[in-house]
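Given next are the chains, with one letter for each unit.
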Amino acid sequence: KTSYCPGCGIKLQDKSKEAPGFYQKPAGRKSEERDPRIASREGEDATGAVVVEPEPEPLVFCARCFSLRNYGKVKNPEIEDQLPSFDVASKLCTRIANIKGIRQVLLCVVDITDFDGSIPHQTLNRIFSDPQIREKNVSVILALNKLDLLPKIASDQRLRTWAKRQIAS
């Protein structure tokens, strides 16, 4: 059965530590040994017979997502370049072009601590240059995330001005 990482969606593999999607197989438990963190799912069916539901499979993340979730950093930065890119722009442009008669608003959430890394330049450029979308007059709202991490001197007006300049460049 093919499995995918619930964090990034990449196909999991256990052959090469240097390739994207690598994961370590979880250590197996003896069959009589139960995980105390998982409650037993026992009950009776309509006939009164005892029914025991199997324990849910634990989520298995690739090494990259595991490291991000638990340590806040990517384990092997060289693998980042090997990750497949997702063509969000074409899917989004197709969807916007196919919707008829409804005013459309695109919400773009950007991490203020990594503005350039989190803004989808390619997607936005494609949306603004597509003639079918331009004629629909789609509104784009830029939402800045993690503002609470900035010093208090960063006023709303200052941030708006800064964000507009960053987008224009």
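Residues numbered from 1 in each chain as written. Predicted model: local features only at pLDDT ≥ 70, side-chain atom pairs only at ≥ 80, totals over all residues. Heavy atoms only, no water.

Undergrad: Looking at this model, I keep getting lost on the overall build of the chain. Mind explaining?
TA: Helix and strand content of the chain: 6 helices and 4 strands. Sorting the 169 residues of the chain into buried and exposed places 21% on the buried side. Within the chain, residue pairs in contact and separated by at least 24 positions form 57% of the contacts whose partners lie at least 6 positions apart. If you sum the accessible surface of the chain, you get close to 13500 Å²; carbon and sulfur atoms cover 52% of it. (Helix = DSSP H or I, 4+ residues; strand = E, 2+ residues; numbered from the N terminus. Buried < 20%, exposed > 50% of the residue type's maximum accessible area, 1.4 Å probe, protein only. Contact = heavy atoms within 4.5 Å. Areas by Shrake-Rupley, 256 points an atom, 1.4 Å probe, with all protein chains shown as cover.)

Undergrad: Please explain unusual backbone geometry as it appears in this structure.
TA: Phi is mostly negative for residues that are not glycine, and the peptide bonds are mostly trans. With a phi angle near 70 degrees, lysine 146 is a residue other than glycine that sits in the positive phi range. Within the element layout of this structure, lysine 146 appears in the loop between strand E4 (139-145) and helix H6 (156-168).

Undergrad: Just to check I follow, could you spell out the state of the cysteines for this structure?
TA: Chemically, a disulfide is nothing more than a covalent bond linking the sulfur atoms of two cysteines. Evaluation of the coordinates by the stated rule reveals 0 disulfides. Free of any disulfide, cysteine 5 has its nearest cysteine sulfur in cysteine 65, 3.6 Å distant. Take cysteine 5: its relative accessible area is 4%, and that puts it in the buried class. Free cysteine cysteine 62: the closest other cysteine sulfur is in cysteine 65, separated by 3.7 Å. (Disulfide = S-S within 2.5 Å.)

Undergrad: Just to check I follow, could you spell out a nonpolar patch on the surface for this structure?
TA: A grouping of Val105, Leu107, Val109 and Ile141 is seen on the molecular surface, where their side chains present a nonpolar patch of about 360 Å² in accessible area. Note on placement: leucine 107 falls in strand E3 (residues 105-111). (Patch = residues over 30% accessible without salt bridge, like charges linked within 9 Å, V, L, I, M, F, W, Y side chains within 5 Å. Salt bridge = Lys/Arg side-chain N within 4 Å of Asp/Glu carboxyl O.)

Undergrad: Where do I start with the packing of aromatic side chains in this structure?
TA: The geometry of an aromatic ring pair is captured by the separation of the ring centres together with the interplanar angle, meaning the angle of the planes. Scanning the entire structure with this criterion turns up 2 aromatic pairs. An angle of 70 degrees between the planes, with centres 6.4 Å apart, marks the rings of phenylalanine 66 and tyrosine 71 as edge-to-face. What makes phenylalanine 66 partly exposed here is its relative accessible area of 44%. Taking 5.0 Å as the distance between ring centres and 70 degrees as the angle between the ring planes, the aromatic pair formed by phenylalanine 115 and tryptophan 162 counts as edge-to-face. Taken together, the residues phenylalanine 115 in helix H3 (residues 115-118) and tryptophan 162 in helix H6 connect sequence positions 47 residues apart. Judged by relative accessible area, phenylalanine 115 falls into the buried class, the value being 4%. (Phe/Tyr/Trp six-rings, centres within 6.5 Å; stacked < 30°, edge-to-face > 60°.)

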